[in-house]
Amino acid sequence: MSDYCPQPTSHIRRPLADVPRMVVVYAHPDDEAFGNAGTILAARAAGVEVHYICATRGECGTVDAQYLHDYADVKALRTAEQLAAADALDLGAVHFLNYRDSNMPGTPDNQHPEALVQAPMTQVAQTIAAFIDDIQPTYVITFPPYGGYGHPDHIAVHHATLAALAATTWQVPFVYYSTFSTTLLRIIIGVMRVTGRNPRAFGRNGDIDIVRVAEEATPITTVVPCTHVIPAKIAAWNCHASQGGGMTRVPRWAWRWFYGVEHLTRVHPTVRGEKEILRFDYDTAHRS
Ligand SMILES: [Zn+2]
């Protein structure tokens, strides 16, 4: 456990106005876009203000040298990418918590005193809770327990956000986890197995267990239609070019099938029966 206690940095694009709000809490510059660009843009289109709380600056991301030309280091590059994505997503603000990227287990970064995973969880939770009390969001979105693919920062953000939600004065009406359909993933796992490759050592660094990713995905309770924002969604991905954003091989005619919906797990209040179609009209319905 480290005694590093960073002050957050807020990049405010608009002052808070009296409109419904959403807070997205993730770990790295790109988690917001790769995970939920469509959801964020659909919320914006419905008049919801969106703030992104980003726990680290993504210092440990793998980056090709070509992207680093104009930047001192990966931290500076990924901060710039995040601020560009804030424009593309029309966020109200990005709040960096200023912990250091913890990288994957077993790396020296994971032991760094400024790493998110070395911080006391209560400290991270208090900072997030203060933002939630200030912003008073109708919607909060964060990672599920396995954080999508098991990244330690994603899991840390999940626990800190749940602790924050338990500590806030403001009672958040709707809390969601990001999730996804595992159909395509299960096909990939099957193909890898029959072609003699190991689906438990997936990705650029071979450190992603996609069998577990499929097993740990939380159930889809909520569908967010986002066909109307697909070009903006791809533009937001493109802002995180150093992390592979924007490289779509899907032909334009098929975009709506691949990119036209995003999925969430609503954990508060729980969804019973049919799936929720989230159109961000709760406040409109309850204020009028
Ligand atoms: Zn991440």
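Look above for the structure.
**Student:** I'd like to hear about the coordination of the zinc ion, residue by residue, with values.
**Tutor:** In the first shell of the zinc ion, the protein supplies His-28 (ND1), Asp-31 (OD), Asp-31 (OD) and His-154 (NE2), at 2.1 to 2.6 Å from the metal. Between the four donor atoms coordinating the zinc ion, the angles at the centre fall across 54 to 131°, so the site counts as irregular. You can call Asp-31 buried: its relative accessible area is 10%. When its relative accessible area of 3% is taken as the criterion, His-154 is described as buried.

**Student:** Outline helix H2 (residues 74-88), supporting the account with residue identities and numerical values.
**Tutor:** Over its 15 residues, H2 extends 21 Å from the first C-alpha to the last, a length consistent with the 21 Å expected when each residue adds 1.5 Å. Among all positions of H2, only Val-74, Leu-77, Arg-78, Thr-79, Glu-81, Gln-82, Ala-85 and Ala-86 are buried. One or two residues past the end of H2 sits Asp-90, with phi positive at roughly 55°.

**Student:** Please provide a residue-by-residue account of the pattern of salt bridges, values included.
**Tutor:** Going through the model one piece at a time under the given rule, you end up with twelve salt bridges. A salt bridge links Glu-49 to Arg-14, with the shortest nitrogen-to-oxygen separation between them at 2.8 Å. Residue Glu-49 is located in strand S3 (residues 49-56), and its partner Arg-14 is located in the loop between strand S1 (9-12) and strand S2 (21-26); the two are separated by 35 residues in the primary sequence. Look at Arg-14 and you get partly exposed, because its relative accessible area is 24%. Two residues, Asp-109 and Arg-100, come together in a salt bridge whose shortest N-O distance is 3.1 Å. A single salt-bridge network, built from bridges that share partners, covers Arg-13, Arg-14, Arg-44, Glu-49, Asp-87 and Asp-90.

Criteria and cut-off values
Residues numbered from 1 in each chain as written. Predicted model: local features only at pLDDT ≥ 70, side-chain atom pairs only at ≥ 80, totals over all residues. Heavy atoms only, no water. Donors = N, O, S within 2.8 Å, 3.2 Å for Na, K, Ca; no water. Tetrahedral: all angles 85-135°; square planar, octahedral: opposite > 155°, others 65-115°. Buried < 20%, exposed > 50% of the residue type's maximum accessible area, 1.4 Å probe, protein only. Helix = DSSP H or I, 4+ residues; strand = E, 2+ residues; numbered from the N terminus. Expected span 1.5 Å × (residues − 1). Salt bridge = Lys/Arg side-chain N within 4 Å of Asp/Glu carboxyl O.

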